[in-house]
Amino acid sequence: MKRWVIDANVPVVANGRDEEEMPVALECREAAVRFLRRIHDERERVVLDAAGEMLAEYSRHLDPSGQPGVGDRFYREVLRDWHPCTRVDLPKRSDGAYVDLPQAVVDAGFDPDDRKFAALARREGVPVANTVDSDWLNGYGLLVANGIRVAFVCGCDPAHWREP
């Protein structure tokens, strides 16, 4: 069974917007919707941190009622354990940094909000799904070199992520 760490930007884009409230290209939104539907239909596993930091980030951007978008429905299913999820301990060092996130990634200034996703993906050996967050693209070489795989749901060209 395929397993994924899913950055919050994926369900947000599936709802038709991105984190900056800028219009997302229709093709990108459709790709995010297809991705989440495939995860649902094929019962692929979503990997979450046991402490709930990822759910907390989802809660800042998504509606737990499951409406009105596909991303909201994904969040509701994950929240209510209607979707197969694996919850994994994601230990931290005494300074609050994730044990599983290489120091080189931290030192490079990788987005602190995305570090939990990267650390969990590395710990579990699964890819992080991303749609429109350029931090994953800009840090791609460093992430891969440190054992963190990234799947670009909307492709690797930011020019295709937003409406012109």
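Residues numbered from 1 in each chain as written. Predicted model: local features only at pLDDT ≥ 70, side-chain atom pairs only at ≥ 80, totals over all residues. Heavy atoms only, no water.

## A closer look at the overall build of the chain
In step 1: In terms of regular secondary structure, the chain is built from 8 helices and 5 strands.
In step 2: In the chain, the succession of helices and strands from N to C terminus is β-α-α-β-α-α-β-α-α-β-α-α-β.
In step 3: In terms of C-alpha radius of gyration, the chain reaches 15 Å, essentially the compact-globule figure of 15 Å for 164 residues.
In step 4: Taking the principal axes of the C-alpha coordinates as reference, the chain spans close to 40 × 35 × 30 Å.
In step 5: Buried positions account for 49% of the 164 residues belonging to the chain. (Helix = DSSP H or I, 4+ residues; strand = E, 2+ residues; numbered from the N terminus. Rg over C-alpha atoms; globule rule 2.2 N^0.38 Å. Buried < 20%, exposed > 50% of the residue type's maximum accessible area, 1.4 Å probe, protein only.)

## So, empty space enclosed by the protein
Rolled over the atoms, a probe as big as a water molecule pinpoints where empty space is left.
In step 1: Evaluation of the coordinates by the stated rule reveals 1 cavity of 30 Å³ or more.
In step 2: Taken as a whole, the largest cavity spans an internal volume of roughly 60 Å³.
In step 3: Lining the largest cavity, in full, are Leu36, Arg37, Ile39, His40, Val70, Arg73, Phe74, Glu77 and His83.
In step 4: Looking at the lining of the largest cavity, the elements with two or more residues in it are helix H2 (26–41) and helix H4 (70–79).
In step 5: Here the lining of the largest cavity is composed, by residue class, of 4 nonpolar, 2 polar and 3 charged. (1 Å grid on protein atoms, 1.4 Å probe; cavity = no way out; pocket = protein on both sides within 12 Å on 5 of 7 lines; lining within 4 Å. Points joined across faces, edges and corners; volume = space filled by probe spheres on them. Nonpolar A, V, L, I, M, F, W, Y, C, P; charged D, E, K, R; others polar.)

## What about unusual backbone geometry?
In step 1: With an omega dihedral of 5°, the bond running from Gln67 to Pro68 counts as a cis peptide bond.
In step 2: Residue position: Pro68 is located in the loop between helix H3 (53–61) and H4.
In step 3: Residues other than glycine seldom take positive phi values, yet Arg43 does so here, at roughly 55°.
In step 4: Examined against the element boundaries, Arg43 turns out to sit in the loop between H2 and strand E2 (45–49).
In step 5: With a relative accessible area of 39%, Arg43 lands in the partly exposed category.

## Quick notes on the pattern of salt bridges
In step 1: A complete count under the given rule lists 8 salt bridges for this structure.
In step 2: Where Arg38 meets Glu44, a salt bridge forms, and the shortest distance between an N and an O atom there is 3.2 Å.
In step 3: A relative accessible area of 32% means that Arg38 is categorised as partly exposed.
In step 4: Among the residues examined, Glu44 registers a relative accessible area of 6% and is labelled buried.
In step 5: If you follow the salt bridges from partner to partner, you end up with Glu57, Arg60 and Lys116 in one network. (Salt bridge = Lys/Arg side-chain N within 4 Å of Asp/Glu carboxyl O.)

## Notes on the sheet that holds strand E1 (residues 3–6)
In step 1: Overall, parallel pairing links the 5 strands, which are arranged E3-E2-E1-E4-E5 in an open sheet. Looking along the sheet, the strands with just one partner apiece sit at the ends: strand E3 (85–88) and strand E5 (150–152). Here the average twist between neighbouring strands, direction ignored, is 40°.
In step 2: Where E1 lies against E2, 2 bridges are found, and the strand directions are parallel. (Pairing = 2+ DSSP bridges. Axes fitted to C-alpha atoms, helices over the stretch in contact; angles between N-to-C directions.)

## Here's the deal with the packing of aromatic side chains
In step 1: Per the stated rule, a full pass over the model turns up 5 aromatic pairs.
In step 2: Seen from their ring centres, Trp4 and Phe35 are 4.9 Å apart, and the 85° between their planes marks the pair as edge-to-face. Within this pair, whereas Trp4 is found in strand E1, its partner Phe35 is found in helix H2, the two being separated by 31 residues in sequence.
In step 3: In this structure Trp4 comes out as buried when scored by relative accessible area, which is 6%.
In step 4: One aromatic cluster is present, formed by Tyr58, Phe74 and Tyr75 through successive ring pairs. (Phe/Tyr/Trp six-rings, centres within 6.5 Å; stacked < 30°, edge-to-face > 60°.)

## Notes on the packing of H3 against H4
In step 1: Where H3 contacts H4, the two axes come as close as 11 Å, and the packing angle between them is 145°. When you trace H3 past H4, the crossing you get is left-handed. Each of Leu55, Tyr58 and Ser59 in H3 lies in contact with H4, whose residues at this interface are Phe74, Tyr75, Val78 and Leu79.
In step 2: In terms of residue class, the contact of H3 with H4 is made up of 6 nonpolar, 1 polar and no charged. (Left-handed = near helix turned anticlockwise from the far one by under 90°. Contact = heavy atoms within 4.5 Å.)

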